[in-house]
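Here are the chains, one letter per residue:
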Amino acid sequence: MSDLIPVAEALARVLASVAGPVEPETVPLAQAAGRTLAADVGASRTQPPFPASAMDGYAVRSADASEVGASLRMIGTSAAGHGFSGRIGAGETVRIFTGAPVPEGADAILIQENASAEDGTVRVLEPVEPMRFIRRAGLDFIAGETLIPAGMSLDARRLALAAAAGHPRLSVRRRPRVAILATGDELVEPGATPGWDQIVASNSLALAALAAEAGADIIDLGIAADDHAALADAFRRAREARADLLITLGGASVGDHDLVQSALAKEGLELGFWRVALRPGKPLMHGRLGDMLVIGLPGNPVSSIVCGLLFVVPAIRALQGDPQAGADRSEPARLGRDLSANDGRADYMRASLTVEPGQLPIATAEQRQDSSMLGVLGRSEALLIRAPHAPAATAGDLCRIIRLDRRLF
């Protein structure tokens, strides 16, 4: 297996071949969910912009409310959006609500549970502490502070932060254009009636879903026959659509019916590598066709999905400028059954998970690991990773997994 390159090296080469992030565009905040920031987001305002009450109660001077039974005269109300504009003097208090500005002169909040009020007089039932229940101005962030660095994916919490910081629009990377081409005379589209020697194409739908989740716009090139002219036409359409990444499915090996690599070579492919020390997914191809990155995935459906997770998704994230595009997304677990020694390829075995509170998950490899079996993959919850030349392992031993039941980003 000396001609097979390790998984980590293959991923490094794929990421190194990404010329740089795609260009930025500015979009309304409401349309930025899932997008990747092209520029840092800084605070255009201070939050909170004023000292604010953290509780319902009474704004007081702590010196006036330091003893049980102290009596204070209520002179007004401060509510969110309707602050009290005056100043609190000796022996005075203002009724205040959560989020409202703390009036000048006050340095504590007497919470309503610790007070009694009647006819404009408030009595202290429990002494207060200075600055208790007051959120100081700038507690969350201050104007000019960098809040979200470029390269971050915008989820609900980061969108909320950008909004609170005063940004109606954000600079994000445009969605990379990913062209997906299934190949093979044996394939028909879902819904069509296969011939006796044909199957329904599934890989392209799976890869489109993975690519879209990673932030791409999809260009569906359909199914190309095992014919150089048909393949050349598909490559032309990918270029005309200005695809940043072309994914081919099947035909990447060098058998008599595997024409994708030779067809790409005729179009000027700069081959980066093919054949990775990986199971499933050994016949993985990578290169560039002009400005377009090319990743050729195996035709077996499980192989294509595993390779999509390991190589395609990081490539799409790198196209968006994600500094963590190649980060290790595995986590520790324990084996649910014994495993024999491994050979020179890394295994990504389909596995079920047993999860107990406070314990590492237990990953039990499926008995059948054939790369054509979508049924096994469909019921699996994780990929159990076995390093090349790993020795025999016993149930309970530590291992690493990639969860399949969680979003990638």
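Residues numbered from 1 in each chain as written. Predicted model: local features only at pLDDT ≥ 70, side-chain atom pairs only at ≥ 80, totals over all residues. Heavy atoms only, no water.

Trainee: Help me understand helix α3 (residues 203-213) in this model?
Mentor: What sets the pattern is the α-helix's 3.6 residues per turn: residues three or four places apart point alike. Here α3 has its buried residues at Asn203, Ser204, Leu207, Ala208, Leu210 and Ala211. The buried side chains of α3 occupy one side of the element, clustering within an arc of 165° when seen end-on. Turning to α3, the residues buried within the fold contact β13 (177-183), β16 (217-224), β17 (245-249), β21 (292-297) and α6 (301-319). One or two positions beyond α3, positive phi appears at glycine 215, with a value near 110°. (Buried < 20%, exposed > 50% of the residue type's maximum accessible area, 1.4 Å probe, protein only. Helix = DSSP H or I, 4+ residues; strand = E, 2+ residues; numbered from the N terminus. Arc of directions from axis to C-beta. Contact = heavy atoms within 4.5 Å.)

Trainee: What exactly am I supposed to notice about the pattern of salt bridges here?
Mentor: Oppositely charged side chains may form a pair once their charged atoms are brought near each other. For the structure on display, the rule yields 19 salt bridges. Across the salt bridge formed by glutamate 25 and arginine 35, the nearest N and O atoms sit 2.4 Å from each other. Of this pair, glutamate 25 sits in strand β1 (residues 24-28) while arginine 35 sits in the loop between β1 and β2 (41-42), and the two are 10 residues apart along the sequence. A relative accessible area of 32% means that glutamate 25 is categorised as partly exposed. Since its relative accessible area comes to 7%, arginine 35 is described here as buried. We note a salt bridge from aspartate 233 to arginine 236, for which the minimum N-O separation is 2.2 Å. (Salt bridge = Lys/Arg side-chain N within 4 Å of Asp/Glu carboxyl O.)

Trainee: Any chance you could explain the sheet that holds strand β8 (residues 115-118) here in plain terms?
Mentor: Where strands meet in a sheet, backbone hydrogen bonds hold them as pairs that are either parallel or antiparallel. Within the open sheet, the 6 strands sit side by side as β7-β4-β6-β5-β9-β8. Their pairing is mixed. The sheet is open, and its two edges are formed by β7 (108-111) and β8, each paired on a single side. On average, each strand axis in the sheet is tilted by 40° relative to the strand beside it, whichever way the strands run. Two elements, strand β5 (residues 71-78) and strand β6 (residues 92-96), share 4 bridges in a ladder whose sense is parallel. Pairing of arginine 73 across the sheet is with glutamate 92, part of β6. (Pairing = 2+ DSSP bridges. Axes fitted to C-alpha atoms, helices over the stretch in contact; angles between N-to-C directions.)

Trainee: Help me understand the sheet that holds β16, please; the structure alone is not making it clear to me.
Mentor: Reading across the sheet, the 6 strands line up as β16-β13-β17-β21-β20-β18 and stay open at both edges, with mixed pairing between neighbours. One side of each edge strand has no neighbouring strand; the edge strands of this open sheet are β16 and β18 (270-274). For this sheet the average axis-to-axis angle between neighbouring strands, irrespective of direction, equals 15°. The sheet contact formed by strand β20 (residues 285-289) and β21 spans 5 bridges and is antiparallel. Among the inter-strand pairings, leucine 289 is bridged to a residue of β21, identified as methionine 292. Contacts from helix α1 (residues 7-16) reach β18, β20 and β21, with the element oriented near 160° to β18.

Trainee: How should unusual backbone geometry be read in this particular structure?
Mentor: Trans is the common state for peptide bonds, and a negative phi is the common state for residues other than glycine. The linkage connecting glutamine 47 with the following residue, proline 48, adopts the cis geometry, with an omega of -10°. In this structure, proline 48 sits in the loop between β2 and β3 (52-53). Cis geometry is adopted by the peptide bond preceding proline 280, which originates at arginine 279 and carries an omega value of 0°. The residue proline 280 is located in the loop between β19 (278-279) and β20 in this model. The phi torsion at methionine 131 lies on the positive side, around 70°, for a residue other than glycine. Mapped onto the fold, methionine 131 is located in the loop between β9 (121-124) and β10 (134-135). Assessed through its relative accessible area of 44%, methionine 131 is described here as partly exposed.

No statement about biological role is implied by the geometric values presented.
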